[in-house]
Amino acid sequence: MRRSIRSLITSHNTMALVGQWIGPAFTPAASTTVADESGNGNTGTLVGGDNTNTIASTDRPGTAGTHSLDLDGTNDRITLADFAFSGTSPISVMGWCKADTDGNTLVGQGTEIILRQLGTGGRRPEFVLNSFTTNDRATGTSNTAPALGTWYHLAGCYNGSTIRVYADGTQVATVTPTGTYANSASSFEIAATAGGTRWNGLVWDVRIYDSDESANLAAIMAEKDSSGGSAKPWYYHHQQRVVS
């Protein structure tokens, strides 16, 4: 049975939570190991630069001293395990993010499973489950992702029949695929994927579920930290641009 041991954030659905990588795991330290705050032991490895210089952490007032991860869009990423998603297995991938440039991958597994913000044709959230025969991706229309330098919550969900992508809890695209999707037999990565553009900007509270969490996004986004403040970044409430 999966059980969360996190003291900072309490997940809405801990039973389906595969892994969660939030502020405390991003705090600079001598180790490049990134803890899985879900309690499932799915630790990640920081790759590309070090976690005191190239990847810096930014304090978040109002979120109990948590940190976001600052990524350079060139070689910074966190590698995770190869989680066994394929066929018509439900999956949800999500995280808080602030892009400094257009065209960024938030979470990816090879070329098969990708959650990203496209830069072509206006800022568009996209969730890809490759290898479906048809309709393998849900892609938002132009500028359905916020302007650069703005914190928002990006999420992709699949319930076994429908792919959906969300920006700040609002569905911006949905498709019904045919066939099945594949597992690329490679590691999941935060801020990168094979052949894709890496994330340039900040990320915080990245999660992977083995369930469709589309009905729970509002509750997930509203979760509380140990100080009673919202789990949303403090800067999101005050609509301030973060200067990294």
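Residues numbered from 1 in each chain as written. Predicted model: local features only at pLDDT ≥ 70, side-chain atom pairs only at ≥ 80, totals over all residues. Heavy atoms only, no water.

Description of the overall build of the protein chain
Here's step 1: What the protein chain contains, in helices and strands, is three helices and 16 strands.
Here's step 2: Put simply, the protein chain has 244 residues, and 52% of those count as buried.
Here's step 3: Partitioning the intrachain contacts of the protein chain with sequence separation of at least 6 by distance along the chain shows that 65% fall at a separation of at least 24.
Here's step 4: When the accessible area of the protein chain is evaluated, it comes to approximately 9,300 Å², of which 47% is carbon and sulfur surface. (Helix = DSSP H or I, 4+ residues; strand = E, 2+ residues; numbered from the N terminus. Buried < 20%, exposed > 50% of the residue type's maximum accessible area, 1.4 Å probe, protein only. Contact = heavy atoms within 4.5 Å. Areas by Shrake-Rupley, 256 points an atom, 1.4 Å probe, with all protein chains shown as cover.)

Structural notes on the nonpolar core
Here's step 1: F85, I91, F127, L129 and I208 are the most contacted members of the largest nonpolar core, which totals 40 residues.
Here's step 2: With four residues, strand β7 (residues 91–99) is the single largest residue contributor to this core.
Here's step 3: Counting residues in each nonpolar core, the second largest holds nine residues, with L17, A155, L217 and I220 among its members. (Core = buried A, V, L, I, M, F, W, Y, C linked by side-chain atoms within 4.5 Å.)

Some points on the pattern of salt bridges
Here's step 1: Tallying each qualifying case throughout the model produces six salt bridges.
Here's step 2: In this structure, the salt-bridge partner of R77 is E189, at a minimum N-O distance of 2.9 Å. In this pair, R77 is assigned in strand β6 (residues 77–79) and E189 in strand β15 (residues 188–190), connecting sequence segments 112 residues apart.
Here's step 3: Note on R77: relative accessible area 18%, which makes it buried.
Here's step 4: A salt bridge links R137 to D136; the nearest nitrogen and oxygen atoms lie 2.9 Å apart.
Here's step 5: Judged by relative accessible area, which is 15%, D136 ranks as buried. (Salt bridge = Lys/Arg side-chain N within 4 Å of Asp/Glu carboxyl O.)

Remarks on the packing of aromatic side chains
Here's step 1: All chains considered together, the criterion is met by five aromatic pairs.
Here's step 2: Ring plane angle 70° and centroid distance 6.1 Å describe the contact between F85 and F188, whose orientation is recorded as edge-to-face. Residue F85 is found in the loop between β6 and β7, and its partner F188 is found in strand β15; the two are separated by 103 residues along the sequence. Note on accessibility: F85 and F188 belong to one class, buried. (Phe/Tyr/Trp six-rings, centres within 6.5 Å; stacked < 30°, edge-to-face > 60°.)

Examining the side chain of T105
Here's step 1: Tracing the sequence through the fold places T105 in strand β8 (residues 104–109).
Here's step 2: For T105, a relative accessible area of 2% puts it in the buried group.

Details of the confidence of the model for the protein chain
Here's step 1: Per-residue confidence for the protein chain gives a mean pLDDT of 78, with 73% of residues at or over 70.
Here's step 2: Taken as a whole, residues 50–57 scores under 50 in pLDDT and shows 26 contacts with residues more than four places along the chain or in a different chain.
Here's step 3: With pLDDT under 50 throughout, residues 225–244 is counted as low confidence; its partners more than four residues away or in other chains account for 60 contacts. (pLDDT = per-residue confidence, 0-100.)

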